[in-house]
Amino acid sequence: MKRVDIIISGGGMIGSIAAVAASRQGLSVLLIEAQAIDTIQQKSPRDLRVSAISADNINYLKELGIFNHLLQERIQSYSKMQVWDNRGDGEIAFEVDYAQQDYLGYLLENNNLVQAAWNCLDGQCETLQQAQIKTIENEGSQIRVELSNGDKYKSRLLIAAEGRNSFVRAFTQIKTKETSYHQKGLVSYIKIENAPTQTALQAFNAGGPIGILPINEAEKIFSIVWSLPQSQAVHWLECEQKTFEKGVKQAIGKDFGRIILLSKRAAFPLTQLYAQEYFKKRIVLCGDSAHGVHPLAGQGVNLGIGDIQQLFKVLEPSVLKDNDLLHQALRKYQRRRISKVKETSEMMSLLHHLFKDDEHIKKPLRNIGLKLINSLPIKNWLAGQAGS
Ligand SMILES: Cc1cc2nc3c(=O)[nH]c(=O)nc-3n(C[C@H](O)[C@H](O)[C@H](O)COP(=O)(O)OP(=O)(O)OC[C@H]3O[C@@H](n4cnc5c(N)ncnc54)[C@H](O)[C@@H]3O)c2cc1C
């Protein structure tokens, strides 16, 4: 049986960043990923999944050395945000405080971040792709796992970063509460002729918001995340290109010139998910295995990176050896993260419900709501500042 300090199951964005963070603390790691990790180059087709990473979290990625491993031609900073309601006159626009920082955040393809983090892993971290945990023993002062290939490992801690449908979470019998938004998030790339520069855009409509995120300013390429009622998603996924372009233009509601669809389209169900506990003995949840939030302010990955920062603040090598100290450390992690996640997720839900329908009673509220956003911390959420 092989031995490491920490096993991480799931090598997506959060699992791979956690592996780098653990290695930087001198801990030995086994990172297990069910899929094969994409190799992307400058000219590879774009990943349809794009994330807005806040300035604070970009700084953390820089500290870990991950930022420099990103394909720099495939990332885009943004320094301004513009948010409006197409059914009222509410509109807010804001930009970064240049005295503090040059940007509000960066837009990047999910597989660019995953590849960068994997490229940062050193000899401290053993990696396995296309492998999974089959069984877990979570008793006493260590974890024992058996993998699908028959290999056996023991460790002091098992981190589940397997996304929403976490095997480890289910195996550990940690309960979840999941609520459907009855929406799908449609993603694709478009070209916009005359959009404002360095600006992430978001328009609220009956049915759901559309986020328009610059991913390559020079070529005027934007990633869109269009939240749609489930009943409409199939139509917008399958309709003719011209119909889609017209629909997107209408959902944006402002005239930024010609819009051209550049890619395939894909849609993901939108749900809110809370794990009721974030740890059990020596197993701990991070990222979407612990929580799922509405993507309207792009906070999923940011919350996950916040989890990692908090987890490695409380975990020191000596803590891992002692059951009581570890329990205290993980309780602290759970307390801090559950309250942070709840605050963010409920704010996203409030915005979703406030803007979703065209009910008469909500109209004045929406208009006031958007104006209020400008003076409230919600603005920071929208700017992706509240990740950690
Ligand atoms: C439409 C949409 C748009 C979004 N936009 C944004 C945004 O702009 N900004 C933002 O911050 N967030 C955004 N999010 C949320 C974001 O995508 C997620 O929060 C993020 O992917 C979570 O990362 P993760 O690593 O926890 O999970 P995942 O990305 O789901 O990765 C999990 C990894 O674990 C692997 N895995 C699964 N099961 C196993 C197993 N049993 N064993 C081993 N490996 C396993 C998977 O193959 C995968 O590689 C968006 C979400 C949606 C749906």
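Residues numbered from 1 in each chain as written. Predicted model: local features only at pLDDT ≥ 70, side-chain atom pairs only at ≥ 80, totals over all residues. Heavy atoms only, no water.

Visitor: Hey, could you go over the packing of helix α7 (residues 300-314) against helix α9 (residues 323-356) for me, with residue numbers and the actual values?
Guide: Packed helix pairs are characterised by how far apart their axes lie and by the angle those axes make with each other. Viewed as axis vectors pointing N to C, α7 and α9 meet at an angle of 160 degrees, and their least axial separation amounts to 9 Å. When the interaxial angle is binned, α7 and α9 end up roughly antiparallel. Crossing hand, α7 versus α9: right-handed. Residues Leu303, Gly306, Asp307, Gln310, Leu311 and Val314 of α7 form the contact with α9, whose own contacting residues are Ala329, Leu330, Lys332, Tyr333, Arg336, Arg337, Lys340, Val341 and Thr344. Residue composition of the contact of α7 with α9, by class: seven nonpolar, three polar and five charged. (Axes fitted to C-alpha atoms, helices over the stretch in contact; angles between N-to-C directions. Helix = DSSP H or I, 4+ residues; strand = E, 2+ residues; numbered from the N terminus. Parallel < 35°, antiparallel > 145°, perpendicular 65-115°, else oblique. Left-handed = near helix turned anticlockwise from the far one by under 90°. Contact = heavy atoms within 4.5 Å. Nonpolar A, V, L, I, M, F, W, Y, C, P; charged D, E, K, R; others polar.)

Visitor: With reference to specific residues and values, describe the domain arrangement of the protein.
Guide: Often, the extent of an interface is quoted as the loss of accessible area upon association of its parts. Parsing the protein into structural domains produces domain 1 (2-71 + 110-178 + 272-351) and domain 2 (74-108 + 180-270 + 358-382). Look at where the C-alpha atoms of domain 1 and domain 2 centre, and you get two points 28 Å apart. On the side of domain 2, 35 residues touch domain 1, which itself brings 38 residues to the contact. Regarding the contact of domain 1 and domain 2, the summed buried area is about 3100 Å², with carbon and sulfur atoms giving 62% of it. Taken as a group, Arg46, Leu48 and Val50 account for 25% of the area that domain 1 buries against domain 2, more than any other trio of residues on that side. (Domains from an automatic or database assignment. Buried area = accessible area lost by both parts, 1.4 Å probe.)

Visitor: For the site of the ligand, give the residues involved together with the corresponding values.
Guide: Around the ligand there are 30 residues in total, and Ile14, Glu33, Arg49, Asp288 and Val301 lie nearest to it. Within the backbone of Ile14, an N or O atom sits 3.0 Å from an oxygen atom of the ligand. For the ligand, a nitrogen atom lies 3.5 Å from a polar atom in the side chain of Gln132. If the ligand stood free it would expose 1000 Å²; the protein chains cover 85% of that surface. Those elements that place two or more of their residues in the shell around the ligand are α1 (13-24), β3 (29-33), β4 (50-54) and α7. Tallied by class, residues from the shell around the ligand come to 14 nonpolar, 12 polar and four charged. Viewed by domain, the shell around the ligand spans two of them, domain 1 (2-71 + 110-178 + 272-351) and domain 2 (74-108 + 180-270 + 358-382), each represented by three or more residues. (Near = heavy atom within 4 Å. Polar contact = N/O pair within 3.5 Å; in protein donor to acceptor, adjacent residues only side chain to side chain. Areas by Shrake-Rupley, 256 points an atom, 1.4 Å probe, with all protein chains shown as cover.)

Visitor: Account for the packing of aromatic side chains, naming residues and giving values.
Guide: Applying the stated criterion across every chain, the model contains seven aromatic pairs. Here the aromatic rings of Trp226 and Trp236 are separated by 5.1 Å at their centres, their planes lie at 45 degrees, and the arrangement is tilted. Within this pair, whereas Trp226 is found in strand β17 (residues 221-229), its partner Trp236 is found in helix α5 (residues 230-238), the two being separated by 10 residues in sequence. Neither residue differs from the other here; Trp226 and Trp236 are each classed as buried. Taking the centre distance of 6.2 Å and the plane angle of 50 degrees together, the rings of Tyr278 and Tyr333 count as tilted. With Tyr278 in the loop between β19 (266-275) and β20 (279-280) and Tyr333 in helix α9, this pair connects stretches of sequence that are 55 residues apart. (Phe/Tyr/Trp six-rings, centres within 6.5 Å; stacked < 30°, edge-to-face > 60°. Buried < 20%, exposed > 50% of the residue type's maximum accessible area, 1.4 Å probe, protein only.)

Visitor: Lay out the side chain of Glu109 with the relevant residues and their values.
Guide: Within the secondary structure, Glu109 is located in strand β8 (residues 105-109). A distance of 2.9 Å separates a polar side-chain atom of Glu109 from the backbone nitrogen of Asp47. Those residues in contact with Glu109, other than ones at most four positions away along the chain, are Pro45, Arg46, Asp47, Arg49, Val50, Arg74, Tyr189 and Ile215.

Visitor: A description of the sheet that holds β8 should follow, citing residues and the corresponding values.
Guide: Spatially, three strands are ordered β4-β8-β5 in an open sheet, and the strand pairing comes out antiparallel. Strands with a single pairing partner mark the edges of an open sheet, and in this sheet they are β4 and β5 (75-78). Going across the sheet, the axis of each strand differs from the next one's by a mean of 25 degrees, ignoring polarity. Of the strands in this sheet, β4 and β8 touch helix α2 (residues 55-64), which is tilted by about 90 degrees from β4. Where helix α3 (residues 110-120) meets the sheet, it contacts β4, β5 and β8, and its direction lies at approximately 90 degrees from that of β8. (Pairing = 2+ DSSP bridges.)

Visitor: Describe in detail the environment of Leu71, supporting the description with residues and values.
Guide: Positionally, Leu71 belongs in the loop between α2 and β5. C-alpha of Leu71 to C-alpha of Asn119: the two residues are 48 residues apart in sequence and 11 Å apart in space.

Visitor: Which residues make up the nonpolar core, and what values go with them?
Guide: Across soluble globular proteins, you tend to see nonpolar side chains buried next to one another. Core analysis: the largest hydrophobic core is formed by 79 residues, its most contacted members being Ile6, Ile17, Ile66, Phe312 and Leu315. Here this core gets eight residues from one element, more than from any other, and that element is α1. When residues of this core are assigned to domains, at least three fall in each of domain 1 (2-71 + 110-178 + 272-351) and domain 2 (74-108 + 180-270 + 358-382). Look past the residues within four positions of Phe312 in its chain and what remains in contact with it is Ile6, Ala18, Ala21, Ala22, Gln25, Leu27 and Ile159. Judged by nonpolar contacts, the second largest core, of 26 residues, contains Val83, Phe204, Leu351 and Leu354. (Core = buried A, V, L, I, M, F, W, Y, C linked by side-chain atoms within 4.5 Å.)

Visitor: Tell me about the environment of Glu146, and please be specific about residues and values.
Guide: Assignment of secondary structure puts Glu146 in strand β11 (residues 142-147). Residue Glu146 is classed as partly exposed on the basis of its relative accessible area of 23%. Distance from Glu146 to Ile133, taken between C-alpha atoms, is 6.0 Å for residues 13 residues apart in sequence. Those residues in contact with Glu146 that lie beyond four places of it in its chain are Ile133, Lys134, Thr135, Asp151 and Lys152.

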